[in-house]
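Descriptive structure summary
Given next are the chains, with one letter for each unit.
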Amino acid sequence: MSEIKLKIDHKSSVPLHTQVEGLLREMIKEPDYQNGKTLPNEVDLAKELMISRSTLRQAINKLVNEELLVRKKKSGTKVARPKVSSKSMNWLSFSQEMKARGTTIKNYELHVSWVLPDDQLATFFEISRDKKILKLERLRGDADKPFVYFISYFHPRTGLTGEEDFKRPLYDILERDYNIVVDLSREEISARLADKNLSNKLEIELNSSILMRKRYVFDQAEKPVEFNLGFYNAESFTYTIESRR
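Everything quoted here is computed from the prediction, not taken from an experiment.

**Digging into the sheet that holds strand E8 (residues 209-219)**
In space, the six strands of this open sheet follow the order E4-E5-E6-E9-E8-E7, with antiparallel pairing throughout. Pairing within the sheet leaves two strands with one partner each, and these edge strands are strand E4 (106-115) and strand E7 (182-193). Within this sheet the neighbouring strands show an average axis-to-axis angle of 15°, counted without direction. In this sheet, strand E9 (residues 224-233) lies alongside E8 in antiparallel orientation, the contact comprising nine bridges. Residue Tyr216 lies in a different strand from E9, and its bridge partner there is Phe227.

Next comes the structure, spelled out in structure tokens:
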């Protein structure tokens, strides 16, 4: 049970929605709510505080806008999980960047296969469609749950065999083991809805919003090395773009 007293002062000069906001801020600090417990439903909470639902919603909306709370249909309102962020200017592998930010990455799935390229891949790599290429699939996240699903395809020129330890940082493998230094990335970022496969992998509801990133990776001679697709849980990940004039 909560140790926070669900009580506000109706005689105070402080607006009711401001008092409720302060109460909610204290509530969500408690371990139960931090660990995923759903907040009391709006009808019951409004009744207990003797306020209107519109007043309660005003306070909740403030915390939702600050990304402290998240509303979900059917499952209610919960404390939002801290978002992991990535900067497009940062030329590190995903593992190295997350490590630098103090986030320990867990591999939930890792699959390696050899596939024939489609027209897009054959054109990018400038190879024929009957030339098999290495495909690497990784479902990654923090200790709690996965938040990104990566699919990478590699030019046969890299020399990758599929037997590598892909728990290591990818670009570290290319540089240390194959003397390939990736130097340039061209990216396309868009929003889409999660299909059944992606919703299952990212443990989100069907048709939830996700971030899709296409990355075209080149070496120092601007020869294609990797084509990468990344599907990010939009509630758990922020992709930051920095520009300088």
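**Examining the side chain of Asp219**
The residue Asp219 is located in strand E8 in this model. Buried charge Asp219 goes without a salt bridge, the closest partner of opposite sign being Arg157 at 4.4 Å. At 2.8 Å, the side chain of Asp219 and the backbone nitrogen of Lys223 are in polar contact. For Asp219, the contacting residues outside a window of four places in its chain are Arg157, Ile180, Val181, Val182, Asp183 and Val225.

**Focus on the side chain of Arg138**
Structurally, the position occupied by Arg138 is in strand E5 (residues 133-141). Although buried, Arg138 forms no salt bridge, and the nearest oppositely charged side chain, Glu226, lies 5.2 Å from it. When near neighbours in sequence (up to four residues on either side) are disregarded, Arg138 contacts Glu109, Leu110, Val148, Tyr149, Phe150, Ser152, Phe166 and Leu170.

**Notes on the pattern of salt bridges**
It is possible for side chains bearing opposite charge to pair when their charged atoms get close. Under the definition given, this model contains 14 salt bridges. One salt bridge in this structure joins Arg186 and Glu222, with 3.8 Å as the shortest N-O distance. On the criterion of sequence distance, the pair formed by Arg186 in strand E7 and Glu222 in the loop between E8 and E9 is long-range, its members being 36 residues apart. Residue Glu187 is joined to Arg215 by a salt bridge in which the shortest nitrogen-to-oxygen separation is 2.7 Å. Of this pair, Glu187 sits in strand E7 while Arg215 sits in strand E8; the two residues are 28 residues apart in sequence, bridging distant segments of the chain. What makes Arg215 buried here is its relative accessible area of 9%. Counted as one network, the salt bridges with shared partners bring together Glu42, Arg53, Arg57 and Arg71.

What counts as what
- Residues numbered from 1 in each chain as written.
- Predicted model: local features only at pLDDT ≥ 70, side-chain atom pairs only at ≥ 80, totals over all residues.
- Heavy atoms only, no water.
- Pairing = 2+ DSSP bridges.
- Helix = DSSP H or I, 4+ residues; strand = E, 2+ residues; numbered from the N terminus.
- Axes fitted to C-alpha atoms, helices over the stretch in contact; angles between N-to-C directions.
- Buried < 20%, exposed > 50% of the residue type's maximum accessible area, 1.4 Å probe, protein only.
- Lys, Arg positive; Asp, Glu negative; His and termini not counted.
- Salt bridge = Lys/Arg side-chain N within 4 Å of Asp/Glu carboxyl O.
- Polar contact = N/O pair within 3.5 Å; in protein donor to acceptor, adjacent residues only side chain to side chain.
- Contact = heavy atoms within 4.5 Å.

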